[in-house]
Amino acid sequence: GVQTCALPIFQADWPQGAKFPGSTMTGHDALALHFPRSSLVKVLIVKLTSLGDVIHTLLAARELVTARPEVQLHWVIDEQFASVLAACPFVHHIHPIPLRRLGLRLWKSPWLQAIRGLREHAFDAVIDAQGLTKSALISALTKRSPSGRRWALAIQTKGSSYEAPTRWVADHAVHTPWHIHAI
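Residues numbered from 1 in each chain as written. Predicted model: local features only at pLDDT ≥ 70, side-chain atom pairs only at ≥ 80, totals over all residues. Heavy atoms only, no water.

Concerning the nonpolar core
Piece 1. Counting 22 residues, the largest nonpolar core has Val43, Leu73, Trp75, Phe90 and Val91 as its most contacted members.
Piece 2. Among the elements of the structure, strand 2 (41-46), helix 2 (51-67), strand 3 (71-78), helix 3 (82-86) and strand 5 (122-128) are those that each provide at least two residues to this core.
Piece 3. Looking at which element gives the most residues to this core, the answer is helix 2, with five residues.
Piece 4. If sequence neighbours within four positions are ignored, Val91 has contacts with Leu58, Leu73, Trp75 and Leu85.
Piece 5. Judged by nonpolar contacts, the second largest core, of 14 residues, contains Val46, Ile97, Ala114 and Ile138. (Core = buried A, V, L, I, M, F, W, Y, C linked by side-chain atoms within 4.5 Å. Buried < 20%, exposed > 50% of the residue type's maximum accessible area, 1.4 Å probe, protein only. Helix = DSSP H or I, 4+ residues; strand = E, 2+ residues; numbered from the N terminus. Contact = heavy atoms within 4.5 Å.)

Laid out in structure tokens, this is it:
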């Protein structure tokens, strides 16, 4: 089943003992569970399309890597936007996919190659920042480390699209207020 919590996944340094709303875990306990400070942590962001949304998500990604230098940041994105991420030194690995060119015809050779490349890595955290069926499918196809988890929005917000499969795939559904942007 999906565990729900109010963990703001990009807020890296909550005060010791701070409680997340609706959760019994404290900030440091929750982050230690998913982002161990002692070793390299592979984090995958799934934000496939919509250039403006990709740019907004870059701000959160930069904050994550700045606050947690042990994070090796990977990103799945439509191939037409991959060059935007290439200019960002905090994005360590880009996984371009042929979404706009081929749709979700996963049996096509470019898709098979992209999925194979993505599955060469085991991720400690997969963050579905898109909240749509297409991003849920990509999240489901990822390989995770033994302690790896998938994160996604739990509900639609005023500033985001949302489709139910994103929650079906998530291990942790992040609850947010209605009047907040998805980022």
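Overview of helix 6 (residues 133-141)
Piece 1. Taken residue by residue, helix 6 has Ser135, Ala136, Ile138 and Ser139 as its buried positions. All buried residues of helix 6 lie within an arc of 160° about the axis, which places them on one face of the element. (Arc of directions from axis to C-beta.)

Remarks on the pairing of strand 3
Piece 1. Of all eight residues that make up strand 3, seven are buried, and the element is covered over most of its length.
Piece 2. One crossover worth recording links strand 2 to the parallel strand 3 by way of helix 2, and it is right-handed.
Piece 3. Looking at chain direction, strand 3 and strand 4 (residues 93-97) are connected through five bridges and run parallel. Across the sheet, residue Trp75 finds its bridge partner in strand 4, namely Ile94. (Right-handed = clockwise from strand over helix to strand, strands pointing away. Pairing = 2+ DSSP bridges.)

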